[in-house]
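Structural description and commentary
Chain by chain, the residues run as shown.
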Amino acid sequence: MSLTVLMNAGPWLSVPPPGYGGIENIIATLVPELRRLGVRVVLASVESSTLPVDEKFSVFPDGQFHALQRPYNQVCGVSQAHLNGVIRQLHHRDDIDLVHDHVEAVGLATLAAMGPDGPPVLHTLHWDLAKHPELYGNLDAGDRVRVNGVSASQLARAPRALREHSVGHVHLSTPLAVGADRAPRPEKGDYAIILGRINPGKGQDVGARLAQRVGVPLVLAGPVGPYHRPEDLAAAGDEARQNPDVRFFYDEVAPHVDGELVRWVGTVAGQERDDLLAGAKASLFPLRWEEPGGTAVVESLALGTPVVATARGCLPELIEHGRTGLLTTDEDELGDLLLAASLLDADECRREAAARFTPAVMAQRYVELYERVRQGARAR
Ligand code: UDP
């Protein structure tokens, strides 16, 4: 296939990310698979990215994640500086067949503003947009720009202007799903895990309270704001409380973290993350937002860990109640489901992941969408 895609990963984290990083993980999963299908990939990211690609360029030397703590206009300023680098490239070369953009709102707006002479753009929505209509505001996505969601539920909740420019959804995937149906059965511990950013939407406070109530050991893994290790958060002192996720952690989660039944272990990465997830008897998602894509959900399945979750956002699309997980709309019932999770079969979870959530399935679907976006752009 002769197709050159400029993959715009944005300026926040390197690709692959050092630990936490939903969007960057997905790009790191998608790109090798696209290249296997013959797509040439030019990566727009930060200099410290190590993902093998055909070509890469950057504006910032390394991830600007820390800048996300700044006021919103300054956050947009960092995005914009990165996007200006992308636009410069697009003005100077004519070999880019399509831009696959992942930079929230600013990316779509900037690329749309290039007008009819710019290359076709597929912008992947990564966020729950019903709660953040201001992000995409009065955006006119432009004729050569199309969007895709990471779940049907996310798209259904997106502002109308985006839905009108949609070419469908593509579920997230994980390399862990490759051969997951043939991997040896994991040894299970007695604990449950919540893997993800500590944030009200992810509901670690609900999970910690439930775990205490039903007596199930719970591991909370993930960063609190920009702090990856408990000792870093402790050392940051009171100033850290300016961050809303830090305040949420101290006010709502920490009172239930006793270091024994409920533990916060900070960000986990690599083999440590996989072992922790594979060893859990359940992966808990006590969601208070409409989870748009749920990378940690498909990773759990791939590692043979059933999912216990509030039936919100993409969860009902990814999880079959009673087979690969247990879903409820009643927060209190989650505790009982946590106790019942060991009745589910780890092999069913892994079979599901191997059939639906491999990088190959995701890349094939993106190639189809690239073709549709390009055909649409040619037809206009
Ligand atoms: N993650 C990780 N270590 C952690 C917490 C999260 O590697 O301590 C990874 C997780 O495995 C997943 C990603 O970060 O790949 C989070 O993506 P997800 O879509 O689950 O959540 P988001 O934060 O994007 O809403």
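Here goes a summary of the coordinates provided.

Each value, and the rule that gives it
Residues numbered from 1 in each chain as written. Predicted model: local features only at pLDDT ≥ 70, side-chain atom pairs only at ≥ 80, totals over all residues. Heavy atoms only, no water. Patch = residues over 30% accessible without salt bridge, like charges linked within 9 Å, V, L, I, M, F, W, Y side chains within 5 Å. Areas by Shrake-Rupley, 256 points an atom, 1.4 Å probe, with all protein chains shown as cover. Salt bridge = Lys/Arg side-chain N within 4 Å of Asp/Glu carboxyl O. Lys, Arg positive; Asp, Glu negative; His and termini not counted. Charge placed at Lys NZ, Arg CZ, Asp CG, Glu CD. Helix = DSSP H or I, 4+ residues; strand = E, 2+ residues; numbered from the N terminus. Buried < 20%, exposed > 50% of the residue type's maximum accessible area, 1.4 Å probe, protein only. Pairing = 2+ DSSP bridges. Right-handed = clockwise from strand over helix to strand, strands pointing away. Axes fitted to C-alpha atoms, helices over the stretch in contact; angles between N-to-C directions. Contact = heavy atoms within 4.5 Å. Expected span 1.5 Å × (residues − 1).

**Concerning a negative patch on the surface**
On the surface, a cluster of negative charge is contributed by Asp330, Glu331, Glu333 and Asp336. Along the polypeptide, Asp336 turns up in helix H13 (residues 334–340).

**Comments concerning the pattern of salt bridges**
Counted according to the given criterion, the structure contains 30 salt bridges. Note that Arg182 and Asp181 form a salt bridge whose closest N and O atoms lie 4.0 Å from each other. With a relative accessible area of 40%, Asp181 lands in the partly exposed category. Where Arg351 meets Glu348, a salt bridge forms, and the shortest distance between an N and an O atom there is 3.3 Å. In this pair, Arg351 and Glu348 both sit in helix H14 (residues 346–356), three residues apart, roughly one turn of the helix. Through salt bridges that share partners, Glu320, Arg323, Glu348, Arg351, Glu352 and Arg356 make up one connected network.

**Things to note about the pairing of strand E2 (residues 39–45)**
Of all seven residues that make up E2, six are buried, and the element is covered over most of its length. Where strand E1 (residues 3–8) meets E2, six bridges bridge the pair, whose relative direction is parallel. Bridge pairing in E2 places Met7 opposite Leu43. In this fold, E1 hands off to helix H1 (residues 22–36), which returns the chain to E2; that crossover is right-handed. Relative to strand E3 (residues 55–58), E2 runs parallel, the two sharing four bridges. In the sheet register, Ala44 faces E3, and the bridge partner there is Phe57.

**A closer look at the sheet that holds E1**
With respect to topology, seven strands assemble into an open sheet ordered E3-E2-E1-E4-E5-E6-E7, the strand pairing being parallel. Only two strands of the sheet have a single neighbouring strand rather than two, namely E3 and strand E7 (166–169). Averaged over neighbouring strand pairs, the angle between their axes works out to 20° when direction is ignored. Contacts from helix H2 (residues 72–92) reach E1, E2, E3 and strand E4 (98–101), with the element oriented near 160° to E1.

**Here's the deal with H1**
Spanning 15 residues, H1 covers 22 Å between terminal C-alpha atoms, matching the ideal 21 Å at 1.5 Å per step. In this structure, the buried residues of H1 make contact with E1, E2, E4, helix H11 (295–302) and helix H15 (359–379). Just downstream of H1, Gly38 is the residue with a positive phi angle, here 95°.

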